[in-house]
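Residue-level structure breakdown
Listed below, chain by chain, are the residues.
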Amino acid sequence: MGHQGPLYVLSSFSFNSVLIDPSCKFEEMSSIGSLVPREVVDRWEGFLFVVVSFFFLLLFLYAAIISKLLPPSNNAFLSAIQNDWYYCLLVPLTLPILYVAIYFHWLSMKLFKHA
């Protein structure tokens with residue numbers, strides 16, 4: 001015995017009932033895709049990724065460069081960031097390792113190409 005009428009389901013994020021066609025197969029339905037187009041979700045996820053990345057870039061620039069140019073602070077946390085030289089040396093010391101990684105990547109591609 002199949003369901004003869006429309007099926008109403010309570011949406012988990014809007015608390016509104018959503019009309020679902022009973023002839024729709026389970027494989028064709030998705031949890032959020034039937035309510036919000038996937039392109040919109042992808043756009044917002046990408047926007048969030050860019051914003052969070054930009055925030056961490058600004059945080060790194062403050063810790064590595066800007067905090068060293070400011071006058072000494074009475075705040076213990078800001079003073080610790082000003083006196084820490086780890087992040088200032090991190091980028092220059094990473095460059096030789098990056099060069100070695102690029103060389104090994106080139107070597108592995110050559111070996112794979114001629115294998």
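Keep in mind it's a predicted model, so treat the numbers as computed, not measured. (Residues numbered from 1 in each chain as written. Predicted model: local features only at pLDDT ≥ 70, side-chain atom pairs only at ≥ 80, totals over all residues. Heavy atoms only, no water.)

Remarks on the overall build of the protein
The helix and strand tally for the protein stands at 3 helices and 2 strands. Written out in order from the N terminus, the α and β elements of the protein read β-β-α-α-α. Burial analysis of the protein (115 residues in total) assigns 6% to the buried set. Counting only contacts in the protein whose residues sit at least 6 apart along the sequence, the fraction spanning at least 24 positions is 11%. (Helix = DSSP H or I, 4+ residues; strand = E, 2+ residues; numbered from the N terminus. Buried < 20%, exposed > 50% of the residue type's maximum accessible area, 1.4 Å probe, protein only. Contact = heavy atoms within 4.5 Å.)

Let's talk about the pattern of salt bridges
Per the counting criterion, the structure on display carries 2 salt bridges. The partner of R38 in a salt bridge is D42, and the shortest N-O contact between them spans 3.2 Å. Of this pair, R38 and D42 are both found in helix α1 (residues 38-69), 4 residues apart, which corresponds to roughly one turn of the helix. A salt bridge links E45 to R38; the nearest nitrogen and oxygen atoms lie 3.9 Å apart. By relative accessible area, which is 46% here, E45 ends up partly exposed. Of the residues examined, R38 reaches a relative accessible area of 46% and is grouped as partly exposed. Where salt bridges share partners, they join R38, D42 and E45 into one cluster. (Salt bridge = Lys/Arg side-chain N within 4 Å of Asp/Glu carboxyl O.)

Description of the UniProt feature "transmembrane region" (unreviewed entry) in the protein
Look at the UniProt record and you will see "transmembrane region" (unreviewed entry) annotated at residues 46-65 and 85-106. As annotated, residues 46-65 comprises 100% helix and 0% strand, and the C-alpha atoms at either end are separated by 28 Å. Helix makes up 95% of residues 85-106 and strand 0%. Its end C-alpha atoms lie 33 Å apart. (UniProt positions renumbered as here; feature names shortened; annotations may be inferred.)

Observations concerning the packing of aromatic side chains
In this description, an aromatic ring pair is defined by two values, namely the gap between the centres and the angle between the planes. Considering all chains together, one arrives at 6 aromatic pairs under this definition. Look at W44 and F47: their rings are 5.7 Å apart centre to centre, the planes differ by 85°, and that puts the pair in the edge-to-face class. Of this pair, W44 and F47 both sit in helix α1, 3 residues apart, roughly one helical turn. Here W44 falls in the exposed class, since its relative accessible area comes to 57%. Counting every residue linked through ring pairs, the aromatic cluster contains F60, Y86 and Y87. Positioned above the aromatic ring of W85 is the side chain of K68, whose terminal nitrogen or guanidinium carbon lies 5.4 Å from the ring centre. (Phe/Tyr/Trp six-rings, centres within 6.5 Å; stacked < 30°, edge-to-face > 60°. Lys NZ or Arg CZ within 6 Å of the ring centre and 35° of its normal.)

Thoughts on the packing of α1 against helix α2 (residues 76-83)
Describing two packed helices takes the angle between their axes plus the distance from one axis to the other. Contact geometry of α1 with α2 gives a least axis separation of 8 Å together with a crossing angle of 95°. Classified by the angle their axes make, α1 and α2 are roughly perpendicular. Contacts between α1 and α2 involve Y62, A63, S67 and K68 from the former and L78, I81 and Q82 from the latter. Counted by class, the contact of α1 with α2 contains 4 nonpolar, 2 polar and 1 charged residues. (Axes fitted to C-alpha atoms, helices over the stretch in contact; angles between N-to-C directions. Parallel < 35°, antiparallel > 145°, perpendicular 65-115°, else oblique. Nonpolar A, V, L, I, M, F, W, Y, C, P; charged D, E, K, R; others polar.)

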